[in-house]
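Summary of structural features
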Amino acid sequence: MINTAQSPVLPRKFYIRPVLTVAKDLLGKVIVNKMGSNILAGRIIEVEAYDGKVDKASHSYNGKTKRNEVMFNEGGYFYVYFTYGAYFCCNVVTGKQNHGSAVLIRAIEPLLGINKMITNRFGRELKSEKEIYNLTSGPGKVCKAFGFTKVHSGLDLTNRSVFIVNQPRLKKSMIGISKRIGITKSVSLPWRFFEIGNMYLSR
DNA sequence: ATCAAGATTACCT
DNA sequence: GGTAATCTTGATA
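Residues numbered from 1 in each chain as written. Chains lettered and ligands numbered in written order. Predicted model: local features only at pLDDT ≥ 70, side-chain atom pairs only at ≥ 80, totals over all residues. Heavy atoms only, no water.

**Quick notes on the pairing of strand E2 (residues 40-51)**
Selection criterion: Buried means the residue's accessible area, taken with a 1.4 Å probe over protein chains only, is under 20% of the maximum for its type, while exposed means over 50%, and partly exposed covers the values in between. Secondary structure elements follow DSSP: runs of H or I no shorter than four residues count as helices, runs of E no shorter than two count as strands, and numbering proceeds from the N terminus. Criterion used throughout: strands pair if DSSP finds at least two bridges between them.
Across the twelve residues that make up E2, a large majority, twelve, are buried. Relative to E2, strand E1 (residues 30-33) runs antiparallel, the two sharing four bridges. Note on E2: the bridge partner recorded for Val 30 is Arg 43. Relative to strand E5 (residues 101-112), E2 runs antiparallel, the two sharing ten bridges. Among the inter-strand pairings, Glu 46 is bridged to a residue of E5, identified as Ala 107. In terms of strand pairing, E2 meets strand E8 (residues 192-195) through three bridges, oriented antiparallel. Paired with Glu 48 across the bridge in E8 is Arg 192.

This is the structure we're talking about:
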């Protein structure tokens, strides 16, 4: 299903571009977690861009702190943070060193290791067929299903533990654009991007 | 030391 | 559609 010879791991240069470019380009790509005993993989279908240079909603807007320091790496690193006392959210750092921009992964379409994802998320079997669409349809859900936590923050995505493999770009007509969800600052920026019509979207 | 807010989710009506 | 849960983090004193 995922032939890594035909679909190479995305290189550094993919990530060292402006955050809006990378955000749109990430749609349709496949994120893989090989760190556990199971290989988990899913197609990225919903993202949001955060740019600390201009964006008050970004964790990096007010400069470097212990929590957000990974965001100031060059592109291609994994930034995972904890929020609301319960959930982790994972991001792909973009741009040049010290810029402070990242793409939040809000939803994926599960491909490999689906049973493991179900166990991670629910600790039980699915109650119904359609509950599969609740498996990874939100940033906290994605991290729970993939097992991403604080220990994954700072990983280099050009290595082979957690990484993203190339896939064809989505057609422009398949990319939806909207305001970001769940923020209270810089609310009007249209920086959420998603695959139109996908069943695994967060809303 | 204290405090308020938060890139969310599950559960209720 | 509305809201409680829950605790880390960063800011302020």
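**A word on the pattern of salt bridges**
Rule in force here: Salt bridge, as used here: a side-chain nitrogen of Lys or Arg that lies within 4 Å of a carboxyl oxygen of Asp or Glu.
The final tally for this structure, using the stated rule, is eleven salt bridges. We note a salt bridge from Asp 156 to Arg 12, for which the minimum N-O separation is 2.8 Å. Here the residue Asp 156 occupies a position in the loop between helix H4 (139-146) and strand E6 (162-165), and Arg 12 occupies one in helix H1 (residues 12-15), the gap between them amounting to 144 residues. According to the relative accessible area criterion, Asp 156 is buried, its value standing at 15%.

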